[in-house]
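# Results of the structural survey
So you can see what is in the structure, the chains are spelled out below.
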Amino acid sequence: MELIDTHTHLDFPDFDLDRAALLAASRALGVRRMVVLGVHEGNWQRVWDLVLSDADLHAAFGLHPVYLDQHQPEDLTALGDWLSRLAGHRQLCAVGEIGLDYFIETLDRERQQALFDAQLQLAADFNLPALIHVRRSHAAVIATLKRFKLQRAGIIHAFAGSQEEAREYIKLGFKLGLGGAPTWPQALRMHRVLAQLPLASVVLETDSPDMAPAMFPGQRNSPAHLPAICEALAGMMAISPEQLAAASTANACEIFNW
């Protein structure tokens, strides 16, 4: 099975001691390409240096809503400069991780929305897909995406919404990122939703080092877990792991023009 991990944070210090070995192990398990997402201005250079060191890695740059309090107004200008400088580079694949987080109640929603809008505009300007973080904010994210109508859409990271929300995102051209969270026994609604998702609309991801699947409780998540995630999710979708892997890989290649 050939797999693509559409959402990782492999630049994080969690991987500093064994990054090269982990990448080799992931490849040996069939994980061919991995997307590394920037989350604040301070980690973009680290992401890019890592990506340039390995032809199978691809970078996305964004200002994540969870880091709202450390983002500066000039970071948006810096993001535009990065995207401009790297435009057309084969290892730049998206704007992300961006979005809205209503789970953390102390994050100012108006500031989040302004930042989200500005970054979606950059995705539109540079004709790049958007990799979107959504926590307890589906209605606001869907309304925003309806305003922007991105040509290349993107991925709803760690999708955990309802069947109706899935339909709305799919209508807008987005793929739904599936990772470790639905493998947990308590994710009952997601088990029901998964069984109804069209294969043409799903991509696989890990969110490494976070969101470890139920098979690896309490462990650091990594792209090496993607085959096990694929197998578990395929079981819930009543298809073979090979079918899910093939669909996810084709869908990711479609989004990123690979």
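The shown structure was predicted, so the numbers you read here are calculated from the model rather than taken from an experiment.

## Thoughts on the overall build of the chain
Each helix and strand counted, the chain has nine helices and eight strands in total. The C-alpha radius of gyration computed for the chain amounts to 17 Å, which stays within 12% of the reference 18 Å derived for 258 residues, consistent with globular compactness. Expressed along its principal axes, the backbone C-alpha trace of the chain runs to roughly 45 × 40 × 35 Å. In the chain, once contacts between residues fewer than 6 apart in sequence are set aside, the share between residues at least 24 apart is 72%. Only carbon and sulfur atoms are counted for the fraction: they give 53% of the accessible area of the chain, which is about 10700 Å².

## Quick look at the state of the cysteines
As enumerated under the stated definition, the model contains zero disulfides in all. Between Cys230, a cysteine without a disulfide, and Cys253, which holds the nearest cysteine sulfur, the sulfur-to-sulfur distance is 14 Å. You can call Cys230 buried: its relative accessible area is 0%. For Cys253, a relative accessible area of 21% gives the class partly exposed.

## Topic: the sheet that holds strand β3 (residues 57-61)
If you trace the eight strands from one edge of the open sheet to the other, you get β1-β2-β3-β4-β5-β6-β7-β8, paired in parallel fashion. Looking along the sheet, the strands with just one partner apiece sit at the ends: β1 (3-8) and β8 (202-204). Taking each pair of neighbouring strands and ignoring which way they run, the sheet shows an average axis angle of 30°. When β3 meets strand β4 (residues 92-101), the two strands line up parallel, connected through three bridges. If you follow Ala59 over to β4, its bridge partner there is Leu92. Packed on one face of the sheet, helix α1 (residues 19-28) meets β2 (31-37) and β3 and runs near 135° to β2. Strands β4, β5 (130-135) and β6 (154-156) of the sheet are contacted by helix α5 (residues 138-148), whose axis makes an angle of about 150° with β5.

## Some remarks on the packing of helix α8 (residues 226-237) against helix α9 (residues 241-256)
Packing of α8 against α9 brings their axes to within 8 Å, and their N-to-C directions diverge by 105°. Put simply, α8 runs roughly perpendicular to α9. Here α8 contributes Cys230, Glu231, Leu233, Ala234 and Met237 to the contact with α9, which in turn contributes Pro241, Leu244 and Ala245. Here the residues of the contact of α8 with α9 sort into seven nonpolar, no polar and one charged.

## Some words on the pattern of salt bridges
Between side chains of opposite charge, pairing is possible as soon as their charged atoms come close. This model, assessed by the stated rule, comprises twelve salt bridges. Note that Asp117 and Arg147 form a salt bridge whose closest N and O atoms lie 3.2 Å from each other. Pair noted here: Asp117 is in helix α4 (residues 109-125) and Arg147 is in helix α5, with a separation of 30 residues, a long-range link. When the shortest N-O distance is used, the salt bridge between Lys171 and Glu168 registers 3.6 Å. Residue Lys171 and its partner Glu168 are located together in helix α6 (residues 163-171), separated by three residues, close to a single helical turn. In this structure, a network of salt bridges that share partners links the residues Asp16, Arg19 and Arg46.

## A closer look at the UniProt feature "binding site: a divalent metal cation 1" (unreviewed entry) in the chain
UniProt feature "binding site: a divalent metal cation 1" (unreviewed entry): in the numbering of this structure it lies at His7, His9, Glu97 and Asp207. Spatially, the listed residues are clustered: although they cover 201 residues, their C-alpha atoms lie within 10.9 Å of one another. What makes Glu97 buried here is its relative accessible area of 2%. Not counting chain neighbours up to four residues away, the residues in contact with Glu97 comprise His7, His9, Leu37, Gly38, Val39, Gly62, Leu63, His64, Leu131, His133 and His157. A polar atom in the side chain of Glu97 sits 3.0 Å from the side chain of His7.

Here is what the cut-offs are and how they apply
- Residues numbered from 1 in each chain as written.
- Predicted model: local features only at pLDDT ≥ 70, side-chain atom pairs only at ≥ 80, totals over all residues.
- Heavy atoms only, no water.
- Helix = DSSP H or I, 4+ residues; strand = E, 2+ residues; numbered from the N terminus.
- Rg over C-alpha atoms; globule rule 2.2 N^0.38 Å.
- Contact = heavy atoms within 4.5 Å.
- Areas by Shrake-Rupley, 256 points an atom, 1.4 Å probe, with all protein chains shown as cover.
- Disulfide = S-S within 2.5 Å.
- Buried < 20%, exposed > 50% of the residue type's maximum accessible area, 1.4 Å probe, protein only.
- Pairing = 2+ DSSP bridges.
- Axes fitted to C-alpha atoms, helices over the stretch in contact; angles between N-to-C directions.
- Parallel < 35°, antiparallel > 145°, perpendicular 65-115°, else oblique.
- Nonpolar A, V, L, I, M, F, W, Y, C, P; charged D, E, K, R; others polar.
- Salt bridge = Lys/Arg side-chain N within 4 Å of Asp/Glu carboxyl O.
- UniProt positions renumbered as here; feature names shortened; annotations may be inferred.
- Polar contact = N/O pair within 3.5 Å; in protein donor to acceptor, adjacent residues only side chain to side chain.

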